[in-house]
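Okay, here's what each chain looks like letter by letter:
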Amino acid sequence: MTGVLKKVAFYMILLMIWELVYKLGVDVFKVWKPYIFPSPIDVAKTLGDLISDNTLFIAIAASIKRLFIGYLISLVVGIALGLLIVRYKYLDENFRSMILGLQTLPSICWIPFSILWFGINEQAIIFVIAIGSIFAISIATESGIKNVNPIYVKAASTMGAKGFRLYWSVIIPSALPAIISGMKQGWSFAWRALMAGEMMSATKGLGQVLTVGRELGDISQVMGIMIVIILLGFIFDKLVFEKLERNIRYKCGLEVK
């Protein structure tokens, strides 16, 4: 309970600092206009309006649906790609550096391809999400497997484990902490790709609401949607990735409950 109160106090202090900076910049020193840097009160009012007409919940539902579909595709393809790179030396020597190069590309670079291949629709956005996080997951999978302690592999081999059984029972479980870290990174890349994809389209979603705020010059709406995205990311990290990572680390003997 004390930890929760400390976190609440921390965020309350941040809000007070935000309001203080707004008051000093707008009312006292008149460094900027209210439409350039909003106050937390204005942002709260804007979010209240978006909630009251159900715009925010519809946008969240649409975005989360696309995010899950694209992210699941990236998980399947990314992990499979990482396993193939480790398994085949030719891919490791030639394709691995290409994946590292592709990982550096911002998700927005894939938007022209998605429009040409799929049109401006759901499939285009899901493609951008998937391609935006596949490479981070594959790199983490490949790195995690390569960094498995060779003693584990040798011990399992002497006990008769080989081929698929060796991978499934020893190598992949040992590499799970690194794979989970890659999944978390892929999740963050998926969010970025989602925003890039939705901002190119007029379909419902958080990216579209953010774009409307930008076009109307409503900085409170832009800031409000940014806060919603941060909160959603925080919630998913606490409910899914943090628990999953803790359990995996405990089973691997890296953490004590």
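Residues numbered from 1 in each chain as written. Predicted model: local features only at pLDDT ≥ 70, side-chain atom pairs only at ≥ 80, totals over all residues. Heavy atoms only, no water.

Engineer: Help me out: how do you make sense of empty space enclosed by the protein in this one?
Structural biologist: Here the idea is plain: a probe the size of a water molecule rolls over the atoms and shows the empty space left. This model, assessed by the stated rule, comprises 1 cavity of 30 Å³ or more. Looking at the largest cavity, its volume works out to about 30 Å³. If you go around the largest cavity, the residues you meet are Ile85, Arg96, Ile99, Leu100, Ser138, Ile139 and Glu142. For the lining of the largest cavity, the secondary structure elements donating two or more residues are helix H4 (89–103) and helix H6 (122–146). Its residues assigned to classes, the lining of the largest cavity comprises 4 nonpolar, 1 polar and 2 charged. (1 Å grid on protein atoms, 1.4 Å probe; cavity = no way out; pocket = protein on both sides within 12 Å on 5 of 7 lines; lining within 4 Å. Points joined across faces, edges and corners; volume = space filled by probe spheres on them. Helix = DSSP H or I, 4+ residues; strand = E, 2+ residues; numbered from the N terminus. Nonpolar A, V, L, I, M, F, W, Y, C, P; charged D, E, K, R; others polar.)

Engineer: Before we go on, may I ask you to explain the nonpolar core in this structure?
Structural biologist: Across soluble globular proteins, nonpolar side chains show a tendency to be buried alongside one another. Judged by nonpolar contacts, the single largest core of 41 residues is most densely connected at Leu56, Leu67, Tyr71, Trp191, Leu206 and Ile225. Put simply, the parts of the chain that give this core at least two residues each are helix H2 (40–52), helix H3 (55–87), H6, helix H8 (163–199), helix H9 (206–215) and helix H10 (219–251). Looking at which element gives the most residues to this core, the answer is H8, with 12 residues. Once residues lying within four places of it in the same chain are set aside, the contact partners of Tyr71 are Ile129, Ser133, Ile137, Met183, Lys184, Gly186, Trp187, Ala190 and Phe241. By size, the runner-up hydrophobic cluster in this structure holds 14 residues, among which are Ile111, Phe127, Ala130 and Ala193. (Core = buried A, V, L, I, M, F, W, Y, C linked by side-chain atoms within 4.5 Å. Buried < 20%, exposed > 50% of the residue type's maximum accessible area, 1.4 Å probe, protein only. Contact = heavy atoms within 4.5 Å.)

Engineer: When you look at the pattern of salt bridges in this model, what are you seeing that I'm missing?
Structural biologist: Opposite charge on two side chains allows them to pair when their charged atoms are near. As enumerated under the stated definition, the model contains 13 salt bridges in all. Asp92 is the salt-bridge partner of Lys146, the closest N and O atoms lying 2.8 Å from each other. Taken together, the residues span a long stretch of sequence, with Lys146 in helix H6 and Asp92 in helix H4 at a distance of 54 residues. Judged by its relative accessible area of 41%, Lys146 falls in the partly exposed class. Of the charged contacts in the structure, one is a salt bridge between Lys238 and Glu242, with a shortest N-O distance of 3.0 Å. Of this pair, Lys238 and Glu242 both sit in helix H10, 4 residues apart, roughly one helical turn. The structure contains a network of salt bridges with shared partners spanning Asp92, Arg96, Glu142 and Lys146. (Salt bridge = Lys/Arg side-chain N within 4 Å of Asp/Glu carboxyl O.)

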